[in-house]
Amino acid sequence: MDTTLFNMLAQVKEESLWFPVDASTSNQVDGLAYFILWVCGFFLVFNAGLMVFFAIRYRQQKKAGAATGQTHNTALEVTWSVIPAFILAVIFIWGFRGLLKMERPPDNSYDILVTGYKWGWDFTYPDGGQSKSEKDPVTGEPMAPALHVPAGRPVRLTLQSNDVLHSVFIPALRVKKDVVPGRFNQMWFEAEFDPENAEDWDLPTEDGGTVTVKRNEYELFCTEYCGQNHSLMITKVYVYQQEDYDKWYVSKSLYDPSTPLIDIGKTIWSTQCASCHSIDGSNTANYPTWLNLYGQTGHLTDKGSVEVNDEYIIESIRNPAAQIVDGYGNQMAAFPNLTDREVRGIIEFMKSISDQVEVDEDLTYGDLEIDGTVKDESGGAEGAEGEAGDGEGSQPDAESS
Ligand code: HEC
Ligand SMILES: [Cu+2]
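What comes next is a walk through the structure. None of the values given here were measured: they were computed from a predicted structure.

**Looking at the site of ligand 1**
Then comes step 1: As a matter of local geometry, ligand 1 sits amid 23 residues, with Cys-273, Cys-276, Pro-288, Ser-316 and Met-332 nearest to it.
Then comes step 2: Going through the elements one at a time, α5 (261-273) and α6 (310-318) are the ones with two or more residues in the shell around ligand 1.
Then comes step 3: Residue composition of the shell around ligand 1, grouped by class: 15 nonpolar, eight polar and no charged.

The following block contains the structure:
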């Protein structure tokens, strides 16, 4: 967490007072903002200058009486009304045209579904694949999954929230919009590839080798204060040329939509939790085992007795200090950067090692509603999805429905 903060401060220091790097060709903001700035700057100097000039030139002479000069000048008054009115009209038309462009994604846009949740982002690509959570390339700290986009074509982001209000902000692409629970918002941009500032990135390939691609890296923030770990909802946007993007796409950086949740959970357990939690009832001196945990009633914590269900597991992962299991210390760090898919995977995996409950081994993320319940096959969920309009192809269950 500290390193994230230092990282951010380091980056802030490099920024100038002006706009951050512009990595988009869809920018409707900078030109107008600079125009307004320079117009204001000009009139600030002009008006203040005249004021000082008049104050000196026409200051009251010692013996002079009250001024008896002119009180009205039509030509002057028309001038100082018409010129500002004209400038305001320019600003309005310029801004309104920009707004219309920003609000209407081009028809050939590449569709990505963005899901905000406490505390991270899931990015779902047109065929249902999702970015995996990653490690920050510089600090090695875990971070929320990154957004990967191709350069040179419009990208439309459809925004939804699993829980509370969030907001996506990508300064370098000049886009920002609220992510509202129960509603789909959208925004779009077209990124430009900058070969000068591109970094090499080694990707794992299917056959166990690596392939090197070039990419630009930018920041993505949550800009709606959404609770305790709001500041961890920071991640990267990577911009690739189309051919490198295609290579990234077929690498192992995406969750295949058909991967069963239980497999995802097992992978997370073996890579991130197995050092402490056993799944066979062993190693319980310092860490509780996961064997037969799910479904227990009367499970004892420092807050009393609880039922081990989805909510309890999610809380134990996102905010482990909230309830400490009886007989153990508060030794587990939070895992804010696991994606919603990964957490659901852990839950399914836990069910599979518990006698207390049944598990559906083939359940995939796309089979779940946003709140984690299994979708009703008769189509209860379809209505809500229809509202995303053309974005249907980007829904997580596009394959299964
Ligand atoms: C450094 C060791 C450590 C690691 C790594 C760790 N945990 Fe824990 N975990 C603990 C300890 C200690 C407790 C008991 C204290 C508490 O409730 O916080 C615990 C409790 C839990 C509980 C509640 C268990 C119960 O019996 O009620 C869950 C669920 C859990 N951890 C999930 C995870 C997941 C998922 C991961 C991996 C992503 C993980 N933990 C990684 C140490 C760890
Ligand atoms: Cu947020």
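After that view of the structure, there is still more to cover.
**Some thoughts on helix α7 (residues 340-352)**
Then comes step 1: An ideal rise of 1.5 Å per residue puts 18 Å on 13 residues; α7 measures up with 19 Å between its terminal C-alpha atoms.
Then comes step 2: In terms of burial, α7 is a largely internal element, twelve of the 13 residues being buried.
Then comes step 3: Every buried residue of α7 is accounted for by Asp-340, Arg-341, Glu-342, Val-343, Arg-344, Gly-345, Ile-346, Ile-347, Glu-348, Phe-349, Met-350 and Lys-351.
Then comes step 4: Next to the buried residues of α7 lie β1 (110-117), β2 (120-124), β3 (130-131), β14 (254-255), α5 and α6.

**Some thoughts on unusual backbone geometry**
Then comes step 1: Residue Lys-118 is joined to Trp-119 through a cis peptide bond whose omega torsion reads 5 degrees.
Then comes step 2: Tracing the chain through its elements places Trp-119 in the loop between β1 and β2.
Then comes step 3: Even without glycine at this site, Arg-174 takes up a positive phi of about 55 degrees.
Then comes step 4: Inspection of the secondary structure assignment puts Arg-174 in the loop between β8 (166-170) and β9 (175-179).
Then comes step 5: The backbone phi angle of Asn-292 is positive, close to 55 degrees, even though this residue is not glycine.
Then comes step 6: Examined against the element boundaries, Asn-292 turns out to sit in the loop between α5 and β15 (299-301).

**Structural notes on the packing of helix α2 (residues 30-57) against helix α3 (residues 74-103)**
Then comes step 1: Between α2 and α3, the least distance of the axes is 10 Å, while the angle of their chain directions is 165 degrees. As judged from the angle between their axes, α2 and α3 are roughly antiparallel. Crossing angle aside, the handedness with which α2 passes α3 is left-handed. Packed against α2, whose contacting residues are Leu-32, Ile-36 and Val-39, the element α3 presents Ile-87, Ile-91, Trp-94, Gly-95 and Gly-98 at the interface.
Then comes step 2: A per-class count over the contact of α2 with α3 returns six nonpolar, two polar and no charged.

Calculation rules
Residues numbered from 1 in each chain as written. Chains lettered and ligands numbered in written order. Predicted model: local features only at pLDDT ≥ 70, side-chain atom pairs only at ≥ 80, totals over all residues. Near = placed C-beta within 6 Å. Helix = DSSP H or I, 4+ residues; strand = E, 2+ residues; numbered from the N terminus. Nonpolar A, V, L, I, M, F, W, Y, C, P; charged D, E, K, R; others polar. Expected span 1.5 Å × (residues − 1). Buried ≥ 20, exposed ≤ 12 C-beta atoms within 10 Å, placed from the backbone. Contact = placed C-beta atoms within 7 Å. Axes fitted to C-alpha atoms, helices over the stretch in contact; angles between N-to-C directions. Parallel < 35°, antiparallel > 145°, perpendicular 65-115°, else oblique. Left-handed = near helix turned anticlockwise from the far one by under 90°.

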